[in-house]
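Geometric and topological summary
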Amino acid sequence: MMEFTYDGMVRLGYGFYNPNHAAALICALLPFLWEWCVRTERKSAGIVPILLTLFLTAALFFTFSRTGIAVMILEALLFGTLKGKINRKWIGAFAVVILVLLFFSGLWMRFRPDGAVMNRPRIWLAGLQLFAVNPFGVGGGNSGRLATAFLLPDGIQCRTLVNSHLTFLVEYGIIFGFFWFAVLFYALLR
């Protein structure tokens, strides 16, 4: 398995090939823990989801996923808004935990423009060009390799198209992509 690093530090993937996939799973689990905490009748029973939230938040930080951190913050704000239970003490505690984890994990250095961010539009455009030429797919694991070899300028290399949905569409084609996006839109509308 290939290591993902940032400034010599290994980005933890927790068994996933890509640390961003681990971050996506963590972000998907957090609202369930928050709901468990809100629904808990006894305060002593609420300690379990709080501890699990802290554990998963720390794990998220060591994936060094910028999007994962941004999604966690946005979903926390959305959750608090939708539940109507925005408590200033909890927001302050949450902010302190985030700042401490940003500092001690070294992740705060990752929130600056770099090649990984600035090259994304080029990579996405290359993915759309690949899809236009190969609407029935280029095969699993081939999108980044083909985009790097034929469509991107020298010096830009990618393993995937840096967007899971676009990568899936380009690699597996319009038929599987239709079902994938149909399920996503159905879930969003329901």
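Let us look at the structure shown here. (Residues numbered from 1 in each chain as written. Predicted model: local features only at pLDDT ≥ 70, side-chain atom pairs only at ≥ 80, totals over all residues. Heavy atoms only, no water.)

Some thoughts on the overall build of the protein
Put simply, the rule is: In DSSP terms, a helix is any run of H or I states spanning at least four residues, a strand is any run of E spanning at least two, and both are numbered starting from the N terminus. Think of it in three bands: with a 1.4 Å probe and only protein chains considered, a residue is buried below 20% of the maximum accessible area for its type, exposed above 50%, and partly exposed in between. Throughout, a contact is declared for two residues whenever any of their heavy atoms are within 4.5 Å. Accessible surface area values rest on a Shrake-Rupley calculation with a 1.4 Å probe, where residue burial reflects the displayed protein chains alone.
Regarding its fold elements, the protein presents eight helices and two strands. Along the chain direction, N to C, the helices and strands of the protein fall in the order β-β-α-α-α-α-α-α-α-α. Reported as C-alpha extents along the three principal axes, the dimensions of the protein are approximately 60 × 40 × 25 Å. Each of the 190 residues in the protein was classed as buried or not, and the buried ones make up 33%. Taking as baseline every contact in the protein between residues at least 6 positions apart, the subset at least 24 positions apart corresponds to 63%. Of the roughly 12,500 Å² of accessible surface on the protein, a fraction of 71% belongs to carbon and sulfur atoms.

Describing helix H6 (residues 120-133)
Heads up, the condition is: Expected helix span is given by 1.5 Å per residue-to-residue step, counting one fewer step than there are residues.
Compared with the 20 Å implied by 1.5 Å per residue over 14 residues, the 20 Å span of H6 between its first and last C-alpha is a close match. Looking at the buried residues of H6, the elements they touch are helix H7 (143-151) and helix H8 (164-189).

Thoughts on the nonpolar core
Here is the rule we go by: Take the buried residues of types Ala, Val, Leu, Ile, Met, Phe, Trp, Tyr and Cys, join any two whose side-chain atoms come within 4.5 Å, and each joined set is a nonpolar core.
If you look at the biggest cluster of nonpolar residues, it comprises 20 residues, and the most contacted ones within it are Ile26, Leu30, Leu60, Phe61, Met72 and Leu107. Among the elements of the structure, helix H1 (19-39), helix H2 (47-61), helix H3 (66-83) and helix H4 (88-105) are those that each provide at least two residues to this core. Ranked by residues supplied to this core, first place goes to H1 with six residues.

Side note on the packing of aromatic side chains
As a reminder, the rule being used: Any Phe, Tyr or Trp ring, taking Trp's six-membered ring, that has another such ring centre within 6.5 Å forms a pair; planes under 30 degrees apart are called stacked, those over 60 apart edge-to-face, and the others tilted.
This structure, assessed with the given rule, holds four aromatic pairs. Seen from their ring centres, Phe178 and Phe179 are 5.5 Å apart, and the 75° between their planes marks the pair as edge-to-face. A relative accessible area of 53% means that Phe179 is categorised as exposed. Of the aromatic side chains, those joined through ring pairs into one cluster are Phe168, Tyr172 and Trp180.

Observations regarding a nonpolar patch on the surface
Spelled out, the test is: Within the patch definition used here, like charges are joined within 9 Å and nonpolar side chains (Val, Leu, Ile, Met, Phe, Trp, Tyr) within 5 Å, considering only residues with over 30% relative accessible area and no salt bridge. A side-chain nitrogen of Lys or Arg and a carboxyl oxygen of Asp or Glu constitute a salt bridge if their distance falls within 4 Å.
Side chains of Trp36, Ile47, Val48, Leu51, Leu52 and Leu54 sit close together on the surface and give an oily, nonpolar patch of about 510 Å² of accessible area. A per-element tally of the nonpolar patch places H2 first, with five residues.

Considering the environment of Ile50
For Ile50, the location among the structural elements is in helix H2. C-alpha separation for the pair Ile50 and Trp36, spaced 14 residues apart in sequence, amounts to 9.2 Å. Setting aside residues no more than four positions away along its own chain, Ile50 makes contact with Cys37 and Trp90.

Thoughts on the packing of H1 against H2
Under the convention used in this document: Axis definition: a line fitted to C-alpha atoms, limited for helices to the stretch in contact. Angles are taken between N-to-C directions and run from 0 to 180 degrees. Comment on the angle field: the value is read as roughly parallel under 35 degrees, roughly antiparallel over 145, roughly perpendicular from 65 to 115, and oblique elsewhere. Helix crossings get a hand from a simple test, with the near helix turned counterclockwise from the far one by less than a right angle marking a left-handed crossing and a clockwise turn marking a right-handed one. Three categories are distinguished: nonpolar for Ala, Val, Leu, Ile, Met, Phe, Trp, Tyr, Cys and Pro, charged for Asp, Glu, Lys and Arg, and polar for the others, with Gly belonging to the last.
Following both chains from N to C, one finds H1 and H2 inclined at 160°, their axes separated by 9 Å at the closest point. Relative to H2, the element H1 is oriented roughly antiparallel. With respect to the hand of their crossing, H1 and H2 are arranged in left-handed fashion. Across from Ala23, Ile26, Cys27, Leu29, Leu30, Leu33, Trp34, Trp36 and Cys37 in H1, the residues of H2 making contact are Val48, Pro49, Ile50, Leu52, Thr53, Leu56, Thr57, Ala59 and Leu60. For the contact of H1 with H2, the class distribution of residues is 16 nonpolar, two polar and no charged.

A few points about the packing of H2 against H3
Angle between the axes and distance between the axes are the two parameters that describe a pair of packed helices. Interaxial distance between H2 and H3 falls to 9 Å at its minimum, and their mutual angle equals 150°. Residues Thr57, Leu60 and Phe61 of H2 form the contact with H3, whose participating residues are Gly68, Ile69 and Met72. Grouping the constituent residues of the contact of H2 with H3 by class yields four nonpolar, two polar and no charged.

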